[in-house]
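Examining the three-dimensional arrangement
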Amino acid sequence: MSLQSVTEETGRTLAHVLLADGTDYAVAALQGGYARFVADAVTDSYANVLRSAESAATAAKAGLWGPPCNGSPTMPPVAPPPVTVPPAPASTPKPAAPKPSTQKPTEEPDTSSVYYANCDAARAAGAAPIYVGEPGYRAALDRNKDGVACE
């Protein structure tokens, strides 16, 4: 890349950027549609070269001259697409308490010598609640007949 100084007819000195292959950067940018020509900046025959480069980009709808700008760099901003927020994961339901059995529990014969006269005695002994099959269970201590005595 290099700079080339050019003195205009008006006496102003301009610097042109030349790429390594000798291409004028301003002309290449205008032809590609990556720049717009501003007539105030250049007043000599070089302006015709720049206008011609911009006209070529306009005709080809290149860069700024194609979608979405279509030659208007002051288009309103495009709204971003709406963000879809995934629903929060459903909470895991707690397991329901087991329903009481509607069948009358069968009282298993107690082969041990454990006997509680009432639930107060079972609680005092630290045995309450007493489940069917455990020593000391009797249907008489199971008021709701769900298989658990002295609840």
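Data block above holds the structure.
Presented here is a report on the structure given in the accompanying data block. Just so we're clear, the structure is a prediction, and the values are computed from it rather than from any experiment. (Residues numbered from 1 in each chain as written. Predicted model: local features only at pLDDT ≥ 70, side-chain atom pairs only at ≥ 80, totals over all residues. Heavy atoms only, no water.)

**Concerning the overall build of the protein**
Where we set the bar: Elements are defined by DSSP. Helices are runs of H or I of four residues or more, strands are runs of E of two residues or more, and each kind is numbered from the N terminus. Working definition: with a 1.4 Å probe on protein chains only, accessible area under 20% of the residue-type maximum means buried, over 50% means exposed, and in between means partly exposed. Any two residues whose heavy atoms approach within 4.5 Å at even a single point are treated as in contact. Accessible surface is estimated by sampling points in the Shrake-Rupley manner with a 1.4 Å probe; for residues, cover comes only from the protein chains shown.
The helix and strand tally for the protein stands at three helices and four strands. Secondary structure of the protein in N-to-C order comes out as β-β-α-α-α-β-β. Looking at the protein as a whole, 23% of its 151 residues are labelled buried. If you take every contact in the protein between residues at least 6 apart in sequence, the share linking residues at least 24 apart comes to 37%. When the accessible surface of the protein is summed, it comes to about 11100 Å², and 59% of that surface belongs to carbon and sulfur atoms.

**So, the environment of Ala-29**
As for its placement among the helices and strands, Ala-29 is situated in helix H1 (residues 25–31). Accessibility expressed as a relative area gives 9% for Ala-29, which makes it buried. Considering only alpha carbons, one finds Ala-29 and Gly-63, 34 residues apart in sequence, at a separation of 9.5 Å. Excluding residues within four positions of it along the chain, Ala-29 makes contact with Tyr-34 and Ala-35.

**Focus on helix H2 (residues 45–60)**
Stated precisely, the cut-off is as follows: Expected span, for any helix, means 1.5 Å times one less than how many residues it has. To obtain the arc, one takes the directions from the helix axis to the C-beta atoms.
For H2, with 16 residues, the first-to-last C-alpha span of 23 Å sits near the 22 Å given by 1.5 Å per residue. By the burial criterion, the buried members of H2 are Tyr-46, Ala-47, Leu-50, Ala-53, Glu-54 and Ala-57. Here the buried residues of H2 occupy an arc of 125 degrees about the axis, which is enough to place them on one side. In H2, those exposed residues whose orientation departs by more than 90 degrees from the buried face are Ser-45, Ala-59 and Ala-60. On its buried face, H2 is in contact with strand S2 (13–18) and H1. Phi turns positive one or two residues past the end of H2, at Lys-61, with a value near 50 degrees.

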